[in-house]
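# Reading the structure
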Amino acid sequence: MGTPARTSILSNLSTTLAGVTTGNGYNTTVATVEKEAKTWAEVPPGLKPWIGYIPVAETLQYLPGDQIRVVLPIDLICHIVGQTQADRATKLSNLLDDLIAVLAVDTTRGAKAISTTVVSVDTDEGAPGAIGQGSMVLRVEVAYIRTCGQS
């Protein structure tokens, strides 16, 4: 048996997110990508912009021929730091644009998925009134096919 599709998809996602750098033509250079959820306060300033990703409850649709269509939702938790609310809001907007763009480069996650779609975004717009913090959460859905026996 090879590597399960789910494992390959999550590995591809991590590598893809780490590729968000100004050197690769994006507006942002992501400092850290981790497979875990953290609050803004749990991430040291030197590790921001920070992206944590966590898979959440998957849905399975059983199809003929022992196939299963899986939709894997993944939350991307993003934290930035900035001096003013306007600066933080701009950094969040730039990071959002960068993430939408980088996820669209290969929506098949290395030929393991059917599609990758950003389905929602929730941002604090740079946390007006807060000192230095800004966060957003993107919900990404990755659809893929597996069989009942193996993925």
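Note: the structure precedes this text.
These remarks concern the structure in this document. As the structure is a prediction and not an experimental result, all values here were calculated from the model. (Residues numbered from 1 in each chain as written. Predicted model: local features only at pLDDT ≥ 70, side-chain atom pairs only at ≥ 80, totals over all residues. Heavy atoms only, no water.)

### Brief notes about unusual backbone geometry
Quick note on the threshold: Secondary structure elements are defined from DSSP: runs of H or I of at least 4 residues count as helices, runs of E of at least 2 residues count as strands, and each element is numbered from the N terminus. Categorising residues by exposure relies on relative accessible area from a 1.4 Å probe, with only protein chains included: less than 20% of the type maximum marks a residue as buried, more than 50% marks it as exposed, and the intermediate range marks it as partly exposed.
Between K48 and P49 the backbone carries a cis peptide bond, its omega angle lying at 0°. Note that P49 resides in the loop between β1 (32-34) and β2 (50-55). Of note, A111 is a non-glycine position whose phi angle comes to about 70°, a positive value. Topologically, A111 is positioned in the loop between α2 (85-105) and β5 (115-123). Of the residues examined, A111 reaches a relative accessible area of 68% and is grouped as exposed. If you check the backbone angles, E125 has positive phi at about 55° while not being a glycine. With a relative accessible area of 41%, E125 lands in the partly exposed category.

### As for the packing of aromatic side chains
What counts here: Stacked, edge-to-face and tilted are the three classes for Phe, Tyr and Trp ring pairs, Trp counted by its six-membered ring, which pair at centre distances within 6.5 Å; planes under 30 degrees apart are stacked, over 60 edge-to-face, the rest tilted. Each ring is checked for a lysine NZ or an arginine CZ that lies within 6 Å of its centre and within 35 degrees of its normal; such an atom marks a charge sitting over the ring.
Applying the stated rule across the entire model yields zero aromatic pairs. The ring of W40 is capped by K48, whose NZ or CZ atom sits 3.3 Å from the centre of that ring.

### Some details on the environment of G110
Among the secondary structure elements, G110 is positioned in the loop between α2 and β5. Note on G110: relative accessible area 44%, which makes it partly exposed. Sequence separation between G110 and D124 is 14 residues, and the spatial gap between their C-alpha atoms is 32 Å.

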